[in-house]
2 protein chains.
Amino acid sequence: MVRNFHELEQSLMKQEEEMQRVAVVKAASSSALESVFELAKQGLIVPFLIDDQAMLDPLLMNMDIDHTSYHIVHVESDEEAAFKGVELVRNGECGFIMKGNIQTGTLLKQVVNRETGIRKRDVLSHLALIETPHYPRFIGVTDGGMLLSPNVDQKESIINNATEVMQALGYKQPKFAVLSAAEVVQPKLQPSVDAEELTKRFEPSENCIVEGPLSLDLALFPAIAAEKQYKGRIQGDADVLVAADVVNGNTLSKSMILLGNGAMAGLIIGAQAPIILTSRSSTAEEKRRSLLLALQISRANARKEC
Amino acid sequence: MVRNFHELEQSLMKQEEEMQRVAVVKAASSSALESVFELAKQGLIVPFLIDDQAMLDPLLMNMDIDHTSYHIVHVESDEEAAFKGVELVRNGECGFIMKGNIQTGTLLKQVVNRETGIRKRDVLSHLALIETPHYPRFIGVTDGGMLLSPNVDQKESIINNATEVMQALGYKQPKFAVLSAAEVVQPKLQPSVDAEELTKRFEPSENCIVEGPLSLDLALFPAIAAEKQYKGRIQGDADVLVAADVVNGNTLSKSMILLGNGAMAGLIIGAQAPIILTSRSSTAEEKRRSLLLALQISRANARKEC
């Protein structure tokens, strides 16, 4: 079980596996290139740089990199870049996607295209994986970035999406706490009603343990679960927090990072390959951690296919 | 302006004002009595202990306290205790209420009684005031404890309630960030729509500045507001975060406390006097901080009445 980003990197370095190829969609962005080549130099990934070659070449020439270590896929528009990136995954040439200098919507439109896309489940979701000094291992938060106000069916898919990621990290039966303000079901509080329904739906599952409604303290702190004499399968030891909606999930991960000294990796999951979606505020370290996480998932996918 | 709990206590000790009287409803609880008498010994409050005298006496006899420093109000039921506590506030004998060993609902039922209660606004709300090492002064979070899923009118009252508390702490025009996942209005995301409406409603207000939708990082971190070139009156310097709903507010304050080393005081506000509502998980320190905050508000109310 991989518990933090240091262990994740160690485990990736140890595994003797083929290098995974990453499709960088609209790669002519210094910060995207720097993140990608940092891992390329470590021998972990091979970048497929998708962009207008005339834009890419000057950037690449200025970088201290091995110019045989990457591929360029020349395209002339954002739509074409997105199409190519998705195609590389569909054809099995690339194991995951990194968004460069392109609007998220333009990229995702190609991902979900019913004919040429790489859909797997009905729902794409966002997973934030957070390492914090206040918890002994990763805390996942989902969904704080994709679905605005998911209904219970979408939440079921969100949980299935995240289960695969946690399993790729070695959590055989990850524990999902479905968040509410307390552990009681209140008919007028939809998140608590959804939580009860999700608990029922996943009760027979061997892939994961899903339980709610739970407040944050009951979900994460064994001492509080004991003090409140909470009877359940989650005893302050949740692996992933299932947010009530995007505001809840987004606020919670930002709070853990900015007010709790946390470090995060973020991915869009639920397609055939993970997608790294860097935002305006992503730091270089966050991009690097997200690449490592995507690589881990991508290797797990490759092993499944063998 | 009072920025943290140390400053709050210092300021309360310095002011030369009459002692405020607190109505402790169902006071026969060791932990409630200990919190109350800690401040009574400091000469800050006079406790009115409302409970069955036969239950109270043995507890009081075992305490190292001045037995002329409190009043006992004998009652024989929870309902009577709640009625009496509310009556003491209504008659001006007590400046605030502390919930002892009684169900919250039983107490609040008397508070909101249209004939014998102490309503002020239509809405009672919960305010958590949090001190965290990651922010230069208090962060308020409202509402994470009372209203499950407030509509925009209720959110307006929630803001008015909290404005009075912040003003009692010396914030002349407190800044309220109405939370969402980002700073854009998305018609399908109700919290962002509410935030826009609240911004409009409060635009002419001199009592407070209200702005949204805002994400947590834009609300609290000046560097992020600058980096994202956010144009607004709140530039990472919000005083109070207005949560989308109870799950959002509850999760956020618990995250700041448990994952961000925060210290909290919590009150029910919006009635004629603040109400301290201790929960199963409140620590002695939290009760003490809540008492200090209630005392500050109670003194401010007394000054207004003079």
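In this text, all values refer to a predicted model and were calculated from it rather than measured experimentally.

Caption draft 1: Quick peek at the side chain of Asp-194 of chain A. Residue and element names in this part refer to chain A. Here Asp-194 lies in helix α7 (residues 190-202). Here the side chain of Asp-194 touches Lys-155 through a polar contact of 2.9 Å, side chain to side chain. Sequence-distant contacts of Asp-194, that is, excluding residues within four places in its chain, are made with Pro-150, Val-152 and Lys-155.

Caption draft 2: Summary view of the domain arrangement of chain A. Residue and element names in this part refer to chain A. Looking at the assigned domains, one finds that chain A contains domain 1 (5-120 + 271-305) and domain 2 (127-263). A straight line from the C-alpha centre of domain 1 to that of domain 2 covers 28 Å. At the interface, eleven residues of domain 1 touch nine residues of domain 2. In total, about 880 Å² of surface goes out of reach between domain 1 and domain 2, with carbon and sulfur atoms giving 70% of it. It is Phe-5, Leu-293 and Ile-297 that lose the most area in domain 1 upon contact with domain 2, and together they represent 49% of the buried surface on that side. One can count one salt bridge joining domain 1 with domain 2. For Glu-164, the salt bridge goes to Lys-120, with nearest N and O atoms at 2.7 Å. Between the two partners, domain 1 and domain 2, sit three residue pairs in polar contact (both at pLDDT 80 or more). Put simply, the parts of the chain that give the side of domain 1 that touches domain 2 at least two residues each are α1 (5-14) and α11 (284-305). Counting residues per element, the side of domain 1 that touches domain 2 draws most heavily on α11, which supplies six residues.

Caption draft 3: Region of interest: the relation of the copies chain B and chain A. Structural alignment of chain B on chain A gives an RMSD of 0.0 Å, achieved by rotating through 180° and translating 0.0 Å along the axis. The symmetry that links the two subunits is that of a two-fold axis. It is Gly-260 of chain B whose C-alpha, among those of chain B, lies nearest the rotation axis, at 2.0 Å. A share of 100% of the interface residues of chain B reappears at the interface of chain A, consistent with the copies meeting face to face through the same patch.

Caption draft 4: Broad picture of the packing of aromatic side chains. All names here are of chain B. Evaluation of the coordinates by the stated rule reveals four aromatic pairs over all chains. Ring geometry for Phe-5 and Phe-138: centres 4.7 Å apart, planes at 65°, overall edge-to-face. Of this pair, Phe-5 sits in helix α1 (residues 5-14) while Phe-138 is found in the loop between β5 (125-131) and β6 (139-142), placing the two residues 133 residues apart along the sequence. Residue classification places Phe-5 among the buried positions, given a relative accessible area of 7%. Note on Phe-138: relative accessible area 0%, which makes it buried. Between the aromatic rings of Phe-37 and Tyr-70, the centroid separation amounts to 5.5 Å while the plane-to-plane angle is 85°, which identifies the pairing as edge-to-face. In this pair, Phe-37 sits in helix α2 (residues 30-41) while Tyr-70 sits in the loop between α3 (53-61) and β3 (71-74), placing the two residues 33 residues apart along the sequence.

Caption draft 5: Examining the interface of chain B and chain A more closely. Of the residues lining the interface, 37 residues belong to chain B; the matching set on chain A comes to 37 residues. Of the roughly 3200 Å² buried between chain B and chain A, counting both surfaces, carbon and sulfur atoms make up 66%. Applying the counting rule to chain B against chain A returns two salt bridges. The partner of Asp-217 of chain A in a salt bridge is Lys-254 of chain B, with the nearest N and O atoms 3.5 Å apart. Applying the counting criterion to the chain B and chain A interface returns seven residue pairs in polar contact (both at pLDDT 80 or more). Looking at the side of chain B that touches chain A, the elements that each hand over two or more residues are α8 (216-220), α9 (222-227) and α10 (246-258) of chain B. Residue composition of the side of chain B that touches chain A, by class: 17 nonpolar, twelve polar and eight charged.

Caption draft 6: Summary view of unusual backbone geometry. Residue and element names in this part refer to chain A. Of note, the bond from Thr-142 into Asp-143 is cis; its omega dihedral lies within 30 degrees of zero at 5°. With respect to the helices and strands, the residue Asp-143 is situated in the loop between β6 (139-142) and α6 (152-168). With a phi angle near 60°, Lys-26 is a residue other than glycine that sits in the positive phi range. Within the secondary structure, Lys-26 is located in the loop between β1 (20-25) and α2 (30-41). By relative accessible area, Lys-26 is classed as buried at 14%. The backbone phi angle of Gln-229 is positive, close to 50°, even though this residue is not glycine. Examined against the element boundaries, Gln-229 turns out to sit in the loop between α9 (222-227) and β9 (240-242). Exposure remark for Gln-229: the relative accessible area of 60% places this residue in the exposed category.

Caption draft 7: Broad picture of helix α11 (residues 284-305) of chain B. Taking 1.5 Å of rise per residue, the 22 residues of α11 of chain B would be expected to cover 32 Å, and the 31 Å separating its terminal C-alpha atoms lies within 8% of that figure. By the criterion of burial, α11 of chain B is predominantly enclosed, with 16 of the 22 residues buried.

Caption draft 8: Structural context of helix α5 (residues 104-111) of chain A. Among the residues of α5 of chain A, Thr-106, Leu-107, Leu-108, Gln-110 and Val-111 of chain A are the ones counted as buried. Those residues of α5 of chain A hidden inside the fold are in contact with β1, α4 (78-90), β4 (96-99) and β11 (275-276) of chain A.

Caption draft 9: Structural detail: the pattern of salt bridges. In this structure the tally under the stated criterion is 35 salt bridges over all chains. Of the charged contacts, one joins Arg-121 of chain A and Glu-164 of chain A as a salt bridge, the two residues approaching to 3.0 Å between their closest N and O atoms. You can see Arg-121 of chain A sitting in the loop between α5 and β5 (125-131) and its partner Glu-164 of chain A sitting in helix α6, a full 43 residues away along the chain. Among the salt bridges present, the one from Arg-288 of chain B reaches Glu-38 of chain B, with a minimum N-O distance of 2.9 Å. In this pair, Arg-288 of chain B is assigned in helix α11 and Glu-38 of chain B in helix α2, connecting sequence segments 250 residues apart. Residues participating in the shared-partner salt-bridge network are Asp-153, Glu-156, Glu-197 and Arg-201 of chain A.

Caption draft 10: View of the packing of α1 of chain A against α11 of chain A. All names here are of chain A. Close contact between α1 and α11 brings their axes to 10 Å; oriented N to C, the two are set at 50°. As summarised for this structure, α1 and α11 are arranged oblique, according to the angle between their axes. Between α1 and α11 lies a crossing of left-handed hand. Facing Phe-5, Leu-8, Glu-9, Ser-11 and Leu-12 of α1, the residues of α11 in contact are Arg-288, Arg-289, Leu-292, Leu-293, Leu-295, Gln-296 and Arg-299. When the residues that make up the contact of α1 with α11 are grouped by side-chain class, the tally is six nonpolar, two polar and four charged.

How each quantity is defined
Residues numbered from 1 in each chain as written. Chains lettered and ligands numbered in written order. Predicted model: local features only at pLDDT ≥ 70, side-chain atom pairs only at ≥ 80, totals over all residues. Heavy atoms only, no water. Helix = DSSP H or I, 4+ residues; strand = E, 2+ residues; numbered from the N terminus. Polar contact = N/O pair within 3.5 Å; in protein donor to acceptor, adjacent residues only side chain to side chain. Contact = heavy atoms within 4.5 Å. Domains from an automatic or database assignment. Buried area = accessible area lost by both parts, 1.4 Å probe. Salt bridge = Lys/Arg side-chain N within 4 Å of Asp/Glu carboxyl O. Least-squares fit on C-alpha atoms with pLDDT ≥ 70 in both. Phe/Tyr/Trp six-rings, centres within 6.5 Å; stacked < 30°, edge-to-face > 60°. Buried < 20%, exposed > 50% of the residue type's maximum accessible area, 1.4 Å probe, protein only. Nonpolar A, V, L, I, M, F, W, Y, C, P; charged D, E, K, R; others polar. Expected span 1.5 Å × (residues − 1). Axes fitted to C-alpha atoms, helices over the stretch in contact; angles between N-to-C directions. Parallel < 35°, antiparallel > 145°, perpendicular 65-115°, else oblique. Left-handed = near helix turned anticlockwise from the far one by under 90°.

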